[in-house]
Amino acid sequence: MTSSGRLDLEAFERLLAIHGSRVERWPQPLQQALADLLEQSASARARWDDAKRLDAWLDAVPAVEPTPALVARIASLPALHPRPARSAWWPFQSSLTPLFAWAAAAVLGVVVGISQAPDPLDAGTETTAEVDVDGEADEASLDDWSEVSSLAMGADWALEDE
Amino acid sequence: MASATLDRVSEPEDDDQLIARVQSGDPRAYRELCDRHVRGVHAFVYRMLGSRAEAEEVCQESFLRLWKHADTFVSRSKPSTWLYRVAHNLAIDRLRRRREASHPLGIEEVPTSERPSLHLYDKQVAEAVERALAELPERQRAAISLVHYQGMSNAEAAEVLGVKVRALESLLARGRQQLRERLADFKTREGSDV
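First, a word on scope: everything that follows refers to the structure included in this document. All values derive from a computational prediction rather than experimental measurement.

Reading the values: rules and limits
- Residues numbered from 1 in each chain as written.
- Chains lettered and ligands numbered in written order.
- Predicted model: local features only at pLDDT ≥ 70, side-chain atom pairs only at ≥ 80, totals over all residues.
- Heavy atoms only, no water.
- Helix = DSSP H or I, 4+ residues; strand = E, 2+ residues; numbered from the N terminus.
- Buried < 20%, exposed > 50% of the residue type's maximum accessible area, 1.4 Å probe, protein only.
- Areas by Shrake-Rupley, 256 points an atom, 1.4 Å probe, with all protein chains shown as cover.
- Salt bridge = Lys/Arg side-chain N within 4 Å of Asp/Glu carboxyl O.
- Axes fitted to C-alpha atoms, helices over the stretch in contact; angles between N-to-C directions.
- Parallel < 35°, antiparallel > 145°, perpendicular 65-115°, else oblique.
- Contact = heavy atoms within 4.5 Å.

1. Regarding the overall build of chain B
Thinking step 1. A count of helices and strands for chain B gives 10 helices and 0 strands.
Thinking step 2. Residues classed as buried in chain B amount to 47% of the 194 residues present.
Thinking step 3. Carbon and sulfur atoms form 50% of the exposed surface of chain B, whose accessible area is close to 10200 Å².

Structure representation (structure tokens):
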């Protein structure tokens, strides 16, 4: 296919090998370009005739019909292999299906739970930190109180205490 | 109002609606799908296997799977494509087993009474084409059968064979090329007739 939307012989042969001589099987956007090429090129027309001949040969093979006995056997399969129809209150194929679903949900819950749980080492540090923080907090609260007091009472009064 | 209801009732269901009913265990929907596709599936597996007995077995097994395993059907493909894919896989299994048992692939002679009346030359052409098709590699034969005889689009045929569309197109091109070469004698004869 050229940039001008025309079909060159090389592309035509490649497409002909794929789609054959039934125009309706060719991609829609190429059908006009195909018609143009066939009008202009004797060489393309010769190739097209070859492809038409091959398609005609393929059409010459008659389809082998299924025997009535086979059709009857196939139609009777549901009677030989009954399947329980799904009811509105039990939409599952098997009685085990919801059990598997429940087990999968439980496993998923455990996995997610484990992955979200805090690391025990981090937890220990946190406890120590809490103790430290508490200690600091006590000191801080004293400092804060002193500061508040000093603010409330005046810096001079605090200095006097020291 | 009444005519609208009648129209809705008489409107045939498409394959998607039917497969949904088969999934719920409805045998009438299954039989409707069989009526629509049994000829095509049978013709396809016969072309793949070249044996009426095996084609019947594979065809029956394909529809049994449709009935028993309809719930594994995924709606992103057409039910017919799914059915042909099952049939194709079963046919390929047969061919593999046949190869392991060293049985050559051939096309059985179909009784003359079952063939539409053909002129001698047409009969010769038909037999030569059947032989040429039987000699093609399996995938090329499947590609040509699905596209030419079953009228599938290249995308649908690619889905049945489990290949990309480009690979399917390559199978079609190589298959046609081989058929042209194998049937070259007829071209010469037709040319001399003209």
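2. Structural notes on the pattern of salt bridges
Thinking step 1. One pass over the full model with this rule turns up 19 salt bridges over all chains.
Thinking step 2. D50 of chain A is the salt-bridge partner of R53 of chain A, the closest N and O atoms lying 3.0 Å from each other. A residue pair is termed a helical-turn pair when its members lie 3 or 4 positions apart in one helix, as R53 of chain A and D50 of chain A do in helix 3 (residues 42-59) at 3 residues.
Thinking step 3. Look at R53 of chain A and you get partly exposed, because its relative accessible area is 24%.
Thinking step 4. Under the relative-accessibility criterion, D50 of chain A is labelled partly exposed at 23%.
Thinking step 5. Here D55 of chain A makes a salt bridge to R176 of chain B, at a shortest N to O gap of 3.1 Å.

3. Some points on the packing of helix 2 (residues 31-40) of chain A against helix 3 of chain A
Residues and elements named next belong to chain A.
Thinking step 1. Running from N to C, helix 2 and helix 3 point in directions that differ by 110 degrees, and their axes come no closer than 6 Å. Here helix 3 runs roughly perpendicular to helix 2, going by the angle between their axes. In this structure, helix 2 contributes L34, L37, L38, E39 and Q40 to the contact, and helix 3 contributes A42, A44, R45 and W48.

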